[in-house]
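# Results of the structural survey
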Amino acid sequence: MVGAVPERVQRAVALLDLRGDAAVLEIGPGPGAAAELVLAWHPGVRYVAVDRSATAVARTTARNRAAVDDGRLVVRQGDVADPGLADTLGGPFDVAFAVNVNVFWTRSARAEAGALAALLVPGGALWLVYETPGDDDRVVDGVRASLAVPELGEAVVVHDGVVAVGARRPHDAPG
Ligand SMILES: C[S@@+](CC[C@H](N)C(=O)[O-])C[C@H]1O[C@@H](n2cnc3c(N)ncnc32)[C@H](O)[C@@H]1O
(Lines give C-alpha, C1' and ligand atoms only; values in the text may rest on other atoms or scores of the structure.)
Protein backbone atom coordinates (compact mmCIF):
# COMPACT_ATOMS: atom_id res chain seq x y z
CA MET A 1 0.00 0.00 0.00
CA VAL A 2 1.24 3.47 -0.91
CA GLY A 3 1.06 6.26 1.70
CA ALA A 4 -0.21 9.76 1.00
CA VAL A 5 1.44 11.10 -2.13
CA PRO A 6 1.08 14.81 -2.96
CA GLU A 7 -0.61 15.51 -6.27
CA ARG A 8 2.50 17.26 -7.67
CA VAL A 9 4.46 14.05 -7.06
CA GLN A 10 1.77 11.90 -8.69
CA ARG A 11 1.76 14.19 -11.73
CA ALA A 12 5.55 14.23 -11.90
CA VAL A 13 5.80 10.44 -11.78
CA ALA A 14 3.08 10.07 -14.43
CA LEU A 15 4.89 12.30 -16.90
CA LEU A 16 8.14 10.34 -16.54
CA ASP A 17 6.44 7.57 -18.53
CA LEU A 18 8.75 4.95 -17.03
CA ARG A 19 9.49 1.50 -18.39
CA GLY A 20 9.04 -1.27 -15.87
CA ASP A 21 12.77 -2.03 -15.82
CA ALA A 22 14.06 1.56 -15.93
CA ALA A 23 17.01 2.89 -13.96
CA VAL A 24 15.84 6.07 -12.23
CA LEU A 25 17.69 8.84 -10.40
CA GLU A 26 15.79 11.27 -8.20
CA ILE A 27 17.36 14.44 -6.85
CA GLY A 28 15.79 15.81 -3.67
CA PRO A 29 13.31 13.09 -2.68
CA GLY A 30 12.47 14.83 0.62
CA PRO A 31 10.11 12.42 2.40
CA GLY A 32 10.45 9.81 -0.36
CA ALA A 33 6.92 9.76 -1.75
CA ALA A 34 7.98 9.58 -5.41
CA ALA A 35 10.22 6.61 -4.75
CA GLU A 36 7.39 4.81 -2.97
CA LEU A 37 4.98 5.46 -5.82
CA VAL A 38 7.40 4.48 -8.59
CA LEU A 39 8.49 1.29 -6.85
CA ALA A 40 4.87 0.31 -6.18
CA TRP A 41 3.88 0.86 -9.80
CA HIS A 42 7.07 -0.60 -11.25
CA PRO A 43 8.61 -3.23 -8.95
CA GLY A 44 11.36 -3.89 -11.51
CA VAL A 45 12.76 -0.38 -11.44
CA ARG A 46 16.24 0.34 -10.04
CA TYR A 47 16.04 3.65 -8.15
CA VAL A 48 18.71 5.92 -6.69
CA ALA A 49 17.60 8.89 -4.59
CA VAL A 50 20.03 11.60 -3.50
CA ASP A 51 19.29 14.46 -1.12
CA ARG A 52 21.62 16.91 0.62
CA SER A 53 19.55 16.72 3.81
CA ALA A 54 20.25 13.97 6.34
CA THR A 55 16.64 14.26 7.47
CA ALA A 56 15.38 13.65 3.93
CA VAL A 57 17.70 10.67 3.55
CA ALA A 58 16.38 9.20 6.80
CA ARG A 59 12.74 9.83 5.83
CA THR A 60 13.13 8.36 2.35
CA THR A 61 14.90 5.33 3.76
CA ALA A 62 12.31 4.74 6.50
CA ARG A 63 9.38 5.18 4.13
CA ASN A 64 10.84 2.73 1.63
CA ARG A 65 12.54 0.29 4.02
CA ALA A 66 11.58 -2.87 2.14
CA ALA A 67 12.88 -1.55 -1.19
CA VAL A 68 16.15 -0.43 0.45
CA ASP A 69 16.54 -3.83 2.08
CA ASP A 70 15.97 -5.72 -1.17
CA GLY A 71 18.37 -3.46 -3.09
CA ARG A 72 15.90 -1.83 -5.47
CA LEU A 73 16.37 1.57 -3.81
CA VAL A 74 19.65 3.22 -2.88
CA VAL A 75 19.39 6.44 -0.86
CA ARG A 76 22.44 8.71 -0.76
CA GLN A 77 23.23 11.97 0.97
CA GLY A 78 24.79 14.54 -1.31
CA ASP A 79 24.42 17.92 -2.93
CA VAL A 80 23.84 17.99 -6.65
CA ALA A 81 26.11 21.07 -6.76
CA ASP A 82 29.04 18.92 -5.58
CA PRO A 83 31.13 18.23 -8.70
CA GLY A 84 32.20 14.86 -7.27
CA LEU A 85 28.69 13.60 -6.58
CA ALA A 86 27.88 12.16 -10.00
CA ASP A 87 30.70 9.63 -9.74
CA THR A 88 29.15 8.17 -6.57
CA LEU A 89 25.65 7.57 -7.92
CA GLY A 90 26.12 4.62 -10.24
CA GLY A 91 24.21 4.71 -13.46
CA PRO A 92 23.68 5.07 -16.29
CA PHE A 93 20.06 6.10 -15.75
CA ASP A 94 17.14 6.09 -18.15
CA VAL A 95 15.51 8.97 -16.33
CA ALA A 96 16.72 11.57 -13.82
CA PHE A 97 14.21 13.91 -12.22
CA ALA A 98 13.54 16.29 -9.38
CA VAL A 99 10.35 17.76 -7.94
CA ASN A 100 10.47 21.22 -6.38
CA VAL A 101 14.26 21.37 -6.20
CA ASN A 102 14.76 25.06 -6.77
CA VAL A 103 18.46 25.25 -7.59
CA PHE A 104 17.70 24.59 -11.27
CA TRP A 105 15.74 27.84 -11.68
CA THR A 106 16.94 30.16 -8.90
CA ARG A 107 20.41 30.32 -10.42
CA SER A 108 22.24 28.99 -13.43
CA ALA A 109 22.81 25.31 -12.66
CA ARG A 110 24.42 24.34 -15.95
CA ALA A 111 27.24 22.44 -14.24
CA GLU A 112 24.71 20.38 -12.28
CA ALA A 113 22.59 19.74 -15.37
CA GLY A 114 25.64 18.73 -17.38
CA ALA A 115 26.79 16.30 -14.69
CA LEU A 116 23.32 14.74 -14.48
CA ALA A 117 23.06 14.51 -18.27
CA ALA A 118 26.35 12.63 -18.35
CA LEU A 119 24.75 9.97 -16.13
CA LEU A 120 21.96 9.35 -18.63
CA VAL A 121 21.87 6.65 -21.27
CA PRO A 122 21.73 8.04 -24.81
CA GLY A 123 18.10 9.06 -25.26
CA GLY A 124 17.61 9.27 -21.49
CA ALA A 125 15.63 12.16 -20.05
CA LEU A 126 16.18 14.75 -17.33
CA TRP A 127 12.91 16.21 -15.95
CA LEU A 128 12.69 19.11 -13.52
CA VAL A 129 9.18 19.46 -12.16
CA TYR A 130 7.66 22.28 -10.10
CA GLU A 131 4.46 23.12 -8.35
CA THR A 132 4.60 26.88 -8.71
CA PRO A 133 2.57 29.56 -6.97
CA GLY A 134 1.74 30.88 -10.45
CA ASP A 135 4.89 32.45 -11.83
CA ASP A 136 5.57 29.62 -14.28
CA ASP A 137 7.48 31.80 -16.76
CA ARG A 138 10.18 32.69 -14.27
CA VAL A 139 10.64 29.03 -13.36
CA VAL A 140 10.60 27.83 -16.95
CA ASP A 141 13.08 30.49 -18.10
CA GLY A 142 15.44 29.67 -15.25
CA VAL A 143 15.29 25.91 -15.82
CA ARG A 144 15.71 26.31 -19.58
CA ALA A 145 18.87 28.33 -18.95
CA SER A 146 20.23 25.60 -16.68
CA LEU A 147 19.44 22.88 -19.24
CA ALA A 148 21.17 24.70 -22.09
CA VAL A 149 24.22 22.46 -21.99
CA PRO A 150 25.95 20.54 -24.80
CA GLU A 151 25.08 17.20 -23.17
CA LEU A 152 21.32 17.77 -23.62
CA GLY A 153 18.99 18.31 -26.55
CA GLU A 154 16.31 20.95 -26.82
CA ALA A 155 14.16 21.40 -23.73
CA VAL A 156 10.41 20.81 -23.79
CA VAL A 157 7.90 22.28 -21.36
CA VAL A 158 4.79 20.51 -20.08
CA HIS A 159 2.02 22.20 -18.10
CA ASP A 160 -0.16 19.60 -16.42
CA GLY A 161 -1.04 20.76 -12.94
CA VAL A 162 2.70 21.09 -12.48
CA VAL A 163 5.21 22.74 -14.76
CA ALA A 164 7.87 20.38 -16.03
CA VAL A 165 10.91 21.16 -18.14
CA GLY A 166 12.67 18.19 -19.67
CA ALA A 167 15.47 17.44 -22.08
CA ARG A 168 16.99 14.27 -23.47
CA ARG A 169 20.58 13.25 -23.88
CA PRO A 170 21.01 12.94 -27.64
CA HIS A 171 22.31 9.65 -29.02
CA ASP A 172 25.38 11.50 -30.35
CA ALA A 173 25.94 13.67 -27.25
CA PRO A 174 29.50 14.50 -26.13
CA GLY A 175 30.85 12.65 -23.10
C1 LIG B 1 10.99 21.25 -1.42
S2 LIG B 1 11.70 19.70 -1.05
C3 LIG B 1 10.83 18.66 -2.20
C4 LIG B 1 10.81 17.21 -1.77
C5 LIG B 1 10.08 16.28 -2.74
N6 LIG B 1 10.74 16.24 -4.03
C7 LIG B 1 8.63 16.69 -2.89
O8 LIG B 1 8.28 17.28 -3.90
O9 LIG B 1 7.87 16.42 -1.96
C10 LIG B 1 13.31 19.83 -1.82
C11 LIG B 1 14.23 18.69 -1.45
O12 LIG B 1 15.37 18.79 -2.28
C13 LIG B 1 16.54 18.73 -1.51
N14 LIG B 1 17.54 19.55 -2.18
C15 LIG B 1 17.47 20.89 -2.42
N16 LIG B 1 18.57 21.30 -3.07
C17 LIG B 1 19.35 20.20 -3.24
C18 LIG B 1 20.62 19.99 -3.83
N19 LIG B 1 21.31 21.02 -4.34
N20 LIG B 1 21.14 18.73 -3.85
C21 LIG B 1 20.44 17.69 -3.29
N22 LIG B 1 19.23 17.84 -2.71
C23 LIG B 1 18.69 19.08 -2.68
C24 LIG B 1 16.12 19.29 -0.14
O25 LIG B 1 16.96 18.84 0.90
C26 LIG B 1 14.70 18.76 -0.03
O27 LIG B 1 14.66 17.46 0.55
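Remember, it's a predicted structure, so these values are computed and weren't measured experimentally.

### Section: the site of the ligand
Around the ligand sit 15 residues, and of these Arg8, Gly28, Asp51, Asp79 and Val99 come closest. Asp51 places a side-chain nitrogen or oxygen 2.6 Å from an oxygen atom of the ligand. Residue Asp79 places a side-chain N or O atom 2.9 Å away from a nitrogen atom belonging to the ligand. Relative to its unbound accessible area of 600 Å², the ligand is 81% covered by the protein chains. Residues of the shell around the ligand, tallied by class, amount to six nonpolar, five polar and four charged.

### Examining helix H6 (residues 110-117)
Within the sequence span of H6, burial applies to Glu112, Ala113, Gly114, Leu116 and Ala117. Summarising the contacts, the buried residues of H6 are in contact with strand E1 (23-27), helix H5 (103-106), strand E5 (120-130) and helix H7 (136-147).

### Looking at the UniProt feature "domain: Methyltransferase type" (unreviewed entry) in the protein
Sites flagged by UniProt as "domain: Methyltransferase type" (unreviewed entry) map to residues 25-126. Helix makes up 35% of residues 25-126 and strand 27%, whereas the separation of the span's terminal C-alpha atoms amounts to 9 Å.

Calculation rules
- Residues numbered from 1 in each chain as written.
- Predicted model: local features only at pLDDT ≥ 70, side-chain atom pairs only at ≥ 80, totals over all residues.
- Heavy atoms only, no water.
- Near = heavy atom within 4 Å.
- Polar contact = N/O pair within 3.5 Å; in protein donor to acceptor, adjacent residues only side chain to side chain.
- Areas by Shrake-Rupley, 256 points an atom, 1.4 Å probe, with all protein chains shown as cover.
- Nonpolar A, V, L, I, M, F, W, Y, C, P; charged D, E, K, R; others polar.
- Buried < 20%, exposed > 50% of the residue type's maximum accessible area, 1.4 Å probe, protein only.
- Helix = DSSP H or I, 4+ residues; strand = E, 2+ residues; numbered from the N terminus.
- Contact = heavy atoms within 4.5 Å.
- UniProt positions renumbered as here; feature names shortened; annotations may be inferred.

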